[in-house]
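Given next are the chains, with one letter for each unit.
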Amino acid sequence: MMQSMSSSPYSEMFQARISKWENKLCLTQEVLENWQLCQSKWLYLDPIFSCNHIKKQIPLESKRYQDMEHIWSTIMNSAKTNPKLIQLCPDFRLLDSLRKCGTLLEQIEKGLNEYLETKRCAFPRFYFLSNDNLLEILSHAKDPTSIQPFFAKIFENIARVTFEEDLRISEMWSKEGAMIPFYEPLYPKGGVEVWMQEVERVMRLSVKDSLKRALKSYSTTPRSEWVISWPGQVVIAASQTYWTTEVAHAIKTGSLDKYCEQLHAQLGDLIQLVRGEPTPLQRIIITTLIVIDVHAKNIVEKLMKEGV
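Residues numbered from 1 in each chain as written. Predicted model: local features only at pLDDT ≥ 70, side-chain atom pairs only at ≥ 80, totals over all residues. Heavy atoms only, no water.

Caption draft 1: Structural detail: the pairing of strand β3 (residues 179–186). Alignment of strand β2 (residues 169–174) against β3, held across four bridges, turns out to be antiparallel. Following the sheet pairing, W173 is matched in β3 by M179. Linkage of β2 to β3, two consecutive antiparallel strands, is achieved through a turn of four residues, within which G177 is found at a positive phi near 105°. (Pairing = 2+ DSSP bridges. Helix = DSSP H or I, 4+ residues; strand = E, 2+ residues; numbered from the N terminus.)

Caption draft 2: Seen up close, the pattern of salt bridges. Across all of its chains, the model carries 13 salt bridges by this definition. Between E61 and R64 there is a salt bridge, with its nearest N and O atoms 3.8 Å apart. Within this pair, E61 and its partner R64 are both found in helix α4 (residues 59–81), separated by three residues, close to a single helical turn. What makes R64 partly exposed here is its relative accessible area of 25%. Between E193 and K119 there is a salt bridge, with its nearest N and O atoms 3.1 Å apart. (Salt bridge = Lys/Arg side-chain N within 4 Å of Asp/Glu carboxyl O. Buried < 20%, exposed > 50% of the residue type's maximum accessible area, 1.4 Å probe, protein only.)

Caption draft 3: Examining helix α12 (residues 256–274) more closely. An ideal rise of 1.5 Å per residue puts 27 Å on 19 residues; α12 measures up with 27 Å between its terminal C-alpha atoms. Buried residues of α12: L256, Y259, C260, L263, Q266, L267, L270 and V274, and no others. Around the axis of α12, the buried residues are gathered within 120° of arc, so they sit on the same side. Exposed residues on α12 whose side chains face more than 90 degrees from its buried face are K258, E261 and Q272. Tucked inside the fold, the buried residues of α12 contact α9 (192–218), α10 (223–227), α11 (232–253) and α13 (280–305). (Expected span 1.5 Å × (residues − 1). Arc of directions from axis to C-beta. Contact = heavy atoms within 4.5 Å.)

Right, dumping it as structure tokens:
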């Protein structure tokens, strides 16, 4: 609008006033742009630096944030005292203050990202989390159970773990409801990135232990009972292990035809089992194993046709 007025053939006698207003409005626009930028960053960082735990972890950024907040409070008090935009905003001192706030906020964000990077380097699975998620975990580091909602993002298909009253972690659960007890007692001690490494280690040991016990139980328990006695991951891995061993034995002894009959019988048992009244979790395990068993039977039949 000011440009339209300036280009008018009748503007010559008002040129000084037009130029003054044009400069004032341009300065106001620049102030408001910097103000909005600072405000959005402040809204993001304020909850973070309200946490004493994080402030202790990054003292330099905390000091910068305090300096920024002092300037920001002065600006906001000025706005409260004089809420008239056209009187408050066209002020180079205000613009300089906002720019100083912006510079401090950029330095704080950079330092904060470097801090988060150290946590992710210590426990790389934190790369699966957004900055906001990771900051929420770190801001509640004194409460280990606060990480519970994020397990599904950190570990594939681990919905949660069980915290006992003394905070001992005793079990891990899948989203389908399968449970594997922890192989050894685990207490969350130290930084969250430290004890989460221990959680990952014990998870592997626990699955390995369950698999060992399932393999040992396979030969002494009817297969239809064995299938519903173990977690799905363990059932599939152990079943495939035995299938590989048994196929190799059948090839060596020339008894693939008899083994194929055994596979047919096992498949029939699973079909009868799934037609019963299994739990939703058992049904998932059984139907998955049926698909794998059909494929395994087809491979054996192919080996027979080829005269292996």
